[in-house]
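Understanding the architecture of this molecule
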Amino acid sequence: MARRGRKLYYRHTVPVDAQRLLNRLEIWRSLRTDSLAIAMRRLPSVIARIEMEIEHARAMAGLPVDVTLIQSLKDDLAEHALETAPPPSTNAQPDKLLTLGEAYRSYIDDPTRAWTTNTREAYETSRRLAIAVIGGAVAVSSISRAHCRDMLDVLRFLPANASKIFPKLSPREAADRARLRGGIKIISAAHANSLMSNMSSFLNWAVDEELLARNPACQSASKRDPLSASKRDPLRRAALRV
């Protein structure tokens, strides 16, 4: 197990024969608690469900499987409810929602990622921008498409070296100042795209960690993803229409 922010997670190594089927070397699952005692009680059911997923992948690939591992969990919905529910207690308090600031920090500190110095700094820049524009205390589960549009609007006029030019202004205030004044050099389209791409990668991670239902920075496969617009004109308002 490992701790990310206030939560405990379980890391399961994927067997060699199933790695190509699942396209991953490890599976990480939240134990949905910061209590080691509670995490240890929930751990067996989490492990069993991961084994079921691995066995199901083998079955889909036509490989030999242990049917018992699949069938026993298909019929055990009650166990799943117990797994995710807090233990009964008169003093029990519901888990606090993970904030954007906490989740982004957990993402950058994810022990499974071998960040280079430059990559970590790039994501730190994106994290600081997201916190400044959206708010570090906002629950990550509530991040919406409106928040992503808001970030895009700020990036459209964010001055290059804004912290040096306007050290007392927030990114939003600096962008508003550049919008009104004109003639102020703003960040390049490539830089803006990179910042939003980093944000989208973080949101994908949040979806994988079951902190978020879907990535609001992406549209459905049948629609154009506004964050992948061309470098020539990455932030056109037409691209923001859902």
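To be clear, the structure that these remarks concern was listed above.
Below or above, wherever it landed, is the structure these notes cover. (Residues numbered from 1 in each chain as written. Predicted model: local features only at pLDDT ≥ 70, side-chain atom pairs only at ≥ 80, totals over all residues. Heavy atoms only, no water.)

Attention now moves to the sheet that holds strand 1 (residues 2-4). Judged by pairing direction, the sheet is antiparallel, and its three strands sit side by side in the order 1-2-3 without closing on themselves. Either end of the sheet is taken by a strand with one partner, and the two such strands are strand 1 and strand 3 (26-30). Direction aside, neighbouring strands of the sheet carry axes that sit 35 degrees apart on average. Pairing of strand 2 (residues 7-13) with strand 3 involves five bridges; the strand directions are antiparallel. Bridged to Arg11 within strand 3 is Trp28. (Pairing = 2+ DSSP bridges. Helix = DSSP H or I, 4+ residues; strand = E, 2+ residues; numbered from the N terminus. Axes fitted to C-alpha atoms, helices over the stretch in contact; angles between N-to-C directions.)

Turning to the environment of Pro171, a few remarks are in order. Mapping Pro171 onto the fold places it in helix 9 (residues 171-181). Judged by relative accessible area, Pro171 falls into the partly exposed class, the value being 22%. Ignoring sequence-local partners within four residues, the contact set of Pro171 consists of Leu129, Ala132, Val154 and Leu158. (Buried < 20%, exposed > 50% of the residue type's maximum accessible area, 1.4 Å probe, protein only. Contact = heavy atoms within 4.5 Å.)

Take the pairing of strand 2 next. Burial analysis of strand 2 places five of its seven residues in the buried class, the great majority of the element. Inspection of the sheet shows strand 1 paired to strand 2 by three bridges, in the antiparallel sense. Counted as the bridge partner of Arg4 is Lys7 from strand 2. Hairpin connection, strand 1 to strand 2: the antiparallel pair is bridged by two residues, and Gly5 has positive phi, about 65 degrees.

This part covers helix 9. Looking at helix 9, one finds that the buried residues are Ala174, Ala175 and Ala178. What you see down the axis of helix 9 is that its buried residues fit within an arc of 100 degrees, all on one side. Tucked inside the fold, the buried residues of helix 9 contact helix 7 (145-156) and helix 8 (162-165). Following helix 9 by one or two positions, Gly182 has its phi on the positive side, about 75 degrees. (Arc of directions from axis to C-beta.)

The buried fraction of helix 5 (residues 100-108) amounts to seven of the nine residues, a majority that puts the element mostly inside the structure. Listed as buried for helix 5 are Leu100, Gly101, Ala103, Tyr104, Ser106, Tyr107 and Ile108.

On to the packing of helix 7 against helix 10 (residues 189-208). Axis separation between helix 7 and helix 10 bottoms out at 10 Å; the angle between their running directions is 160 degrees. It follows from the interaxial angle that helix 7 and helix 10 lie roughly antiparallel. The crossing of helix 7 and helix 10 is right-handed. Residues Cys148, Met151, Leu152 and Leu155 of helix 7 form the contact with helix 10, whose own contacting residues are Ala192, Leu195, Met196, Met199 and Leu203. Of the residues contributing to the contact of helix 7 with helix 10, the split by class is nine nonpolar, no polar and no charged. (Parallel < 35°, antiparallel > 145°, perpendicular 65-115°, else oblique. Left-handed = near helix turned anticlockwise from the far one by under 90°. Nonpolar A, V, L, I, M, F, W, Y, C, P; charged D, E, K, R; others polar.)

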